[in-house]
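Secondary and tertiary structure notes
Chain by chain, the residues run as shown.
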Amino acid sequence: MTDIHKIFGPPGAGKTTYLLNVVDRELLAGTHPMQIGYFSFTRKAANEAKDRAVRKFPHLNEKIDFPFFRTLHSLAFRCLTVKADDILRPEHYKEFAEQAGIQLNLSNDSDDDFIKADNPILNEINLARIRGEDLRTHYNKCGLDIEWYHFEFVERTYRHYKTAKSLLDFTDLLELIVLEPDHLPRLEVLIVDEAQDLSRLQWMMVEALAKRAKRVFIAGDDDQAVFTWAGADVKSFLAFDGAITILEQSYRVPSLVHRLANSIVNRIKQRQPKTWKPRDFEGKVMTYMRFEDVYIDEGQWLILASTNYLLDPVYNHLKASGILFERSGVPSLSPQIAQSVVDWERLRKGLHIPYEAVKNLYRYVDTNLVQKGFKTFKSGDPDGSYSLADLKAHHGLLDSPVWHEALTKIADDKRDYLIALLRRGTRLSEPPRIKLSTIHGAKGGEADNVLLLMDLSPKFAKEYAIDADNIHRLFYVGVTRAKQALHLVMPKHIDKGFRL
């Protein structure tokens with residue numbers, strides 16, 4: 001009989017810590033790490049679990065002893081003994097796209113090192129597959145503005161192309177392992193993190209793994225299931241049988257934010273009821289009519305919106321105000337440019353900088369300040385460090401004026417932005433204290449101060465009017481990122497915004 005535990009963890013309650021403690025207990029009790037499966041939605045989370053186990057149990061080998069700390073896609077790849085040459089590569093996607101008459105944007109999936117092909121039609125076809133839906137049924141409700149014959153033609157062309165080439169894609173791996181579950185390992189302990197983000201196809205794989213395991217721990221929070229648009233199947237999480245544990249203490253959310261969060265989450269129709277406590281700190285919840293009225297000159301900030309384009313006015317305002325920030329992980333000022341200014345001023349103060357810093361610096365130095373033959377920094381010792389005197393004596397540097405006269409290869413708009421930053425006293429060597437993100441992109445993140453735009457895109461506004469559960473979950477996640485203060489910016493149009 002399999003012993004199954006379902007762990008529900010509200011925001012900041014330590015779901016992952018709970019699971020990591022399970023790993024520790026199992027290892028201390030003598031369970032071999034090769035008999036423990038730790039599966040998460042992202043490779044990063046699985047690797048962090050493995051790293052912690054190795055730190056606590058240094059006699060274990062990270063590369064040998066933990067074969068089942070990975071994502072479910074990666075597990076399917078391993079268990080099916082699929083080779084890299086069996087997986088669709090960029091040249092295959094391009095060839096298929098020509099046959100189907102569509103355009104594809106290709107990128108590396110950061111979680112599993114697979115190629116991700118982005119196309120509206122192909123995305124919907126894949127969504128039907130991971131949800132286990134009939135293609136025509138999915139087409140009828142997906143709202144894609146394309147005729148059925150074209151939709152079906154792309155799906156048929158894609159399927160036939162893979163068959164003809166004997167190739168597999170990301171989803172094929174899950175479909176195959178679900179059909180052939182005997183390839184899956186028999187584990188003593190099965191651990192699944194971020195369970196609310198799993199698709200129906202992934203749940204079928206988890207169900208097969210659970211039947212072959214002795215102890216099962218599945219953790220997540222159905223109230224934070226914000227990836228249903230990408231196939232996440234929260235109903236399977238709720239329906240999965242097991243003894244329920246609710247982690248009752250949040251170590252992030254202050255009491256005033258907790259009160260607002262509960263008022264939002266209690267509107268969700270189908271959910272696991274939970275009672276949880278905020279941390280012992282009141283915090284603040286404030287409302288504004290305009291985001292420009294929020295004082296953001298101090299502290300750490302997370303600025304959130306339901307959809308990426310809604311962040312555009314904030315982006316433009318911060319740039320115009322000379323404030324350093326990052327958007328979706330991309331800094332508002334190139335780190336290379338910022339570092340060149342920092343390093344130039346360090347040189348002028350008589351300090352040394354390393355080889356790579358000099359190499360980066362010479363990319364931006366005015367042509368007239370460097371002798372012919374030294375326009376790029378190629379000579380010198382890669383392990384050495386260099387002073388201004390060294391560069392003038394041996395590497396062609398002629399003069400050392402202030403940075404904005406020396407680094408003229410920095411584009412004018414970036415130079416103006418740099419000057420505005422420095423006038424504000426911004427320390428370019430420090431990471432930005434302000435981050436812009438969609439709520440989806442910030443899931444799992446937190447900040448002392450959260451500024452949340454309450455506007456909805458037309459698509460979300462339509463969904464909100466028909467079935468509001470997903471929008472309630474989204475804004476529940478948004479408000480619960482705040483550790484100290486939550487700043488709510490009211491929507492420009494009440495009928496196109498989230499209602500408190």
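Above: the structure in question.
Everything numeric in this text was worked out from a predicted model, so none of it was measured. (Residues numbered from 1 in each chain as written. Predicted model: local features only at pLDDT ≥ 70, side-chain atom pairs only at ≥ 80, totals over all residues. Heavy atoms only, no water.)

**Brief notes about the packing of aromatic side chains**
To describe a pair of aromatic rings, you give the distance between the ring centres and the angle between the ring planes. Counted under the stated rule, the structure contains 18 aromatic pairs. Linked through ring pairs, F8, W203, F237 and F240 together constitute an aromatic cluster. The cationic tip of K6 hangs over the ring face of F237; the distance from NZ or CZ to the ring centre is 5.5 Å. One cation-aromatic arrangement involves K319 over Y417; the distance from NZ or CZ to the ring centre is 4.9 Å. (Phe/Tyr/Trp six-rings, centres within 6.5 Å; stacked < 30°, edge-to-face > 60°. Lys NZ or Arg CZ within 6 Å of the ring centre and 35° of its normal.)

**Some details on the sheet that holds strand β2 (residues 36-39)**
The six strands are arranged β3-β2-β6-β7-β1-β8 in an open sheet whose pairing can be described as parallel. Only two strands of the sheet have a single neighbouring strand rather than two, namely β3 (69-70) and β8 (243-246). Pairing of strand β1 (residues 3-8) with strand β7 (residues 215-220) involves six bridges; the strand directions are parallel. Residue K6 lies in a different strand from β7, and its bridge partner there is I218. (Pairing = 2+ DSSP bridges. Helix = DSSP H or I, 4+ residues; strand = E, 2+ residues; numbered from the N terminus.)

**Focus on the pairing of strand β16 (residues 447-453)**
Across the seven residues of β16, six count as buried, placing the element largely inside the fold. Summarising the sheet, strand β10 (residues 301-305) and β16 pair through four bridges and their orientation is parallel. The residue of β16 that forms the bridge with L304 is L452. Two strands pair when backbone bridges link them, and β16 and strand β17 (residues 482-489) are joined in this way by six bridges, in the parallel orientation. Each residue of the ladder has a partner; that of L452, found in β17, is L488. (Buried < 20%, exposed > 50% of the residue type's maximum accessible area, 1.4 Å probe, protein only.)

**Things to note about helix α5 (residues 120-131)**
Compared with the 16 Å implied by 1.5 Å per residue over 12 residues, the 16 Å span of α5 between its first and last C-alpha is a close match. Taken together, the buried positions of α5 are I121, L122, E124, I125, L127, A128, R129 and I130. Buried-residue contacts for α5 involve α4 (90-100), β5 (115-118), α6 (135-142), α7 (148-165), α8 (170-179) and α9 (200-211). (Expected span 1.5 Å × (residues − 1). Contact = heavy atoms within 4.5 Å.)

**Digging into unusual backbone geometry**
One can expect most non-glycine residues to show negative phi and most peptide bonds to be in trans. Although it is not a glycine, T81 sits at a positive phi angle of roughly 50 degrees. Tracing the backbone shows T81 in the loop between α3 (72-79) and α4. Here the phi dihedral of S166 falls at roughly 55 degrees; this positive angle occurs in a residue that is not glycine. Checked against the element boundaries, S166 lands in the loop between α7 and α8. The exposure class of S166 is exposed, given its relative accessible area of 57%.

**Points about the packing of helix α19 (residues 458-466) against helix α20 (residues 469-479)**
The interhelical angle for the contact between α19 and α20, taken along N-to-C directions, is 120 degrees, at an axis separation of 7 Å. Contact residues: F460, E463 and Y464 in α19; N470, I471, H472 and L474 in α20. (Axes fitted to C-alpha atoms, helices over the stretch in contact; angles between N-to-C directions.)

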